[in-house]
Amino acid sequence: MTRRPLVAGNWKMNGLRAGLAELEAICAGYSGALKAKADFLICPPSTLVAEAAAKTAGKGVMIGGQDCHAKASGAHTGDVSAEMLKDAGARFVIVGHSERRADHAETDAIVRAKADAAWRAGLTAIVCVGERKEQREGGKALAAVREQLAGSIPEGASPDRLVVAYEPVWAIGTGLTPTPGDVAEMHASIRAGLGKRFGAKGEEMRILYGGSVKPQNARDLIIQPDVDGALIGGASLKAKDFLGIAAAYT
Ligand code: 13P
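Quick look at the structure, then. (Residues numbered from 1 in each chain as written. Predicted model: local features only at pLDDT ≥ 70, side-chain atom pairs only at ≥ 80, totals over all residues. Heavy atoms only, no water.)

### With respect to the sheet that holds strand E5 (residues 124–129)
- In space, the eight strands of this closed barrel follow the order E1-E2-E3-E4-E5-E6-E7-E8, with parallel pairing throughout. Taking the axes of each pair of neighbouring strands and ignoring which way they run, one obtains an average angle of 25 degrees across the sheet.
- Together, strand E2 (39–43) and strand E3 (61–65) form the strand contacts of helix H1 (residues 20–29), whose direction differs from that of E3 by roughly 140 degrees. (Pairing = 2+ DSSP bridges. Helix = DSSP H or I, 4+ residues; strand = E, 2+ residues; numbered from the N terminus. Axes fitted to C-alpha atoms, helices over the stretch in contact; angles between N-to-C directions. Contact = heavy atoms within 4.5 Å.)

Set out below in structure tokens:
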């Protein structure tokens, strides 16, 4: 089974219009062997989605949102719906990022409703899961992620509608990463869970690793079996670093 890797950047709450120059540099670097081997996705803040989509049109780099409301429209001040992201040019949306789970008390049920909303709008949902530090230290990482996965992914998932991102909470923005062996173990466990629930389709679903991925450690982390790409925070803000990570695929 060959799954095409996805190298995805999550800009989080960073980026003004001037920062789109980095996106242009990412587009310029997306060519040749890299373009042949991997998909590229950048998820800027929602204020930049439309402009980013316009700038990347025809260049192969895809644009996504970082969150969406479960409803299509209505009285939800400050929220953005999956339909709005789609209308602005997004192809993907991240749901259930640990920062949303922590800052906005998002439960698995809420994340699941958001993934459903993404599908309703025709977007691919990137559903994030990942254990906290005490769960890892207590030997409960696999069980914690299994439970999150079961609760956060709606019925009817298919490889073109769902990407899973494994992001251990303690590895995000800290410079810490699990060992390559721990990453491989977790991804194998996620793969088994997807297979149990979605049968042969589970084999085709992409599972990304996220958490302090840098050009220096990318190769070790993403060559692991069942790692089908990366979800990159800090290092996706600079084209040089993002391209440096993606170079692991060439
Ligand atoms: P960092 O790459 O900054 O650790 O962030 C990872 C992340 O949260 C991507 O969604």
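Additional details are given in the paragraphs that follow.
### As for the packing of helix H8 (residues 141–152) against helix H9 (residues 180–198)
- It is the contact of H8 with H9, at a shortest axis distance of 10 Å, that shows an interaxial angle of 35 degrees. Viewed along their axes, H8 and H9 form a crossing whose handedness is right-handed. Where H8 approaches H9, its residues Ala141, Leu142, Val145, Arg146, Leu149 and Ala150 are matched on the opposing element by Glu185, Met186, Ser189, Ile190 and Arg197.
- Classifying every residue of the contact of H8 with H9 by side-chain character gives seven nonpolar, one polar and three charged. (Left-handed = near helix turned anticlockwise from the far one by under 90°. Nonpolar A, V, L, I, M, F, W, Y, C, P; charged D, E, K, R; others polar.)

### Here we look at the pattern of salt bridges
- Counting across every chain of the model gives 22 salt bridges.
- One salt bridge in this structure joins Arg100 and Asp67, with 3.4 Å as the shortest N-O distance. Placement of the pair is Arg100 in helix H5 (residues 98–103) and Asp67 in the loop between E3 and helix H4 (82–88), with a sequence separation of 33 residues.
- Between Asp67 and Lys114 there is a salt bridge whose closest N-O contact spans 2.8 Å. (Salt bridge = Lys/Arg side-chain N within 4 Å of Asp/Glu carboxyl O.)

By themselves, these are just geometric observations and shouldn't be taken as functional.
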